[in-house]
Amino acid sequence: MQTPIAPSATDSELDSDEVFELAAEVFRVMSAPMRLKIISALCNGERNVGQLLSEIPTTQPNMSQHLNTLYKAGVLGKRRDGVQIYYRIVNERVVTLCRAVCTQIAIDTVGDER
């Protein structure tokens, strides 16, 4: 027996072009390794750009561009505290998907090395 993708979704809803378009958009947003690193870092709590740059080697403009993409896609939220802007994850489904894919790839990579 196959497990349904979404327990409350009907077959016609799963075949909907809109569902596939939305799924493709999620994968597009997550297609950049830098964005996956940002999501991973923010799993440990909110961070400002400086804190993220201390964990992830890149330039400040590049980091800001990726943060903006994730924010516009609804993956991240942000709040201002003085001059600092703090980013946090607001879409836990994306985090779950990211962890599942990255964990499976890590398992497969370790298995391939043996």
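Within every chain, residues take consecutive numbers counted from 1 along the sequence as written. Note on the predicted model: pLDDT of at least 70 is required for a residue's local features to be given, and 80 or more for side-chain atom pairs to be given and counted; whole-chain, interface and lining totals, by contrast, use all residues. Excluded from the side-chain calculations are hydrogens and water; all other atoms, namely the structure's heavy atoms, are used.

Participant: An account of the nonpolar core is needed here, citing residue identities and associated values.
Facilitator: I38, I39, L67 and L76 are the most contacted members of the largest nonpolar core, which has 20 residues in total. Secondary structure elements are taken from DSSP: a helix is a run of H or I of four residues or more, a strand is a run of E of two residues or more, and numbering for both begins at the N terminus. When contributions to this core are tallied by element, the ones reaching two or more residues are α3 (33-42), α4 (49-55), α5 (60-72), β3 (84-89) and α6 (92-113). Take this core: its biggest share by element is five residues, from α3. Note on definitions: a residue-residue contact is assigned when non-hydrogen atoms from the two residues lie within 4.5 Å. When near neighbours in sequence (up to four residues on either side) are disregarded, I38 contacts I56, M63, H66, L67, L70 and L76. Definition of nonpolar core: a set of buried residues of the types Ala, Val, Leu, Ile, Met, Phe, Trp, Tyr and Cys, connected through side-chain atoms within 4.5 Å. When accessible area is computed with a 1.4 Å probe and restricted to protein chains, residues below 20% of their type maximum are described as buried, those above 50% as exposed, and intermediate ones as partly exposed.

Participant: So what about the pattern of salt bridges? Which residues, and what values?
Facilitator: Salt bridges are defined as contacts in which a side-chain nitrogen from Lys or Arg sits within 4 Å of a carboxyl oxygen from Asp or Glu. Going through the model one piece at a time under the given rule, you end up with three salt bridges. Here R28 ties to E25 by a salt bridge, and the two come within 2.7 Å at their closest N and O atoms. Here the residue R28 and the residue E25 both occupy positions in helix α2 (residues 17-29), the gap between them amounting to three residues, near one helical turn. On the basis of relative accessible area, R28 is assigned to the partly exposed category, the value being 42%. Residue classification places E25 among the partly exposed positions, given a relative accessible area of 35%.

Participant: Can you tell me about the environment of N62, naming the residues and giving the values?
Facilitator: With respect to the helices and strands, N62 occurs in helix α5. According to the relative accessible area criterion, N62 is partly exposed, its value standing at 23%. Placed 28 residues apart in sequence, N62 and M34 show a C-alpha to C-alpha distance of 9.0 Å.

Participant: Kindly report on the packing of aromatic side chains, identifying the contributing residues and their values.
Facilitator: Aromatic pairing here means that ring centres of Phe, Tyr or Trp (its six-membered ring) are within 6.5 Å. Orientation follows from the plane angle: under 30 degrees is stacked, over 60 is edge-to-face, and everything else is tilted. Under the counting rule described, the total for this entry stands at zero aromatic pairs. If you follow K78 out to its NZ or CZ, it ends over the ring of Y71, 4.3 Å from the centre. For a Lys NZ or an Arg CZ to count as sitting over a ring, it must be within 6 Å of the ring centre and within 35 degrees of the ring normal. Here the guanidinium or amino end of R79 rests over the ring plane of Y86, the centre of that ring lying 4.7 Å away.

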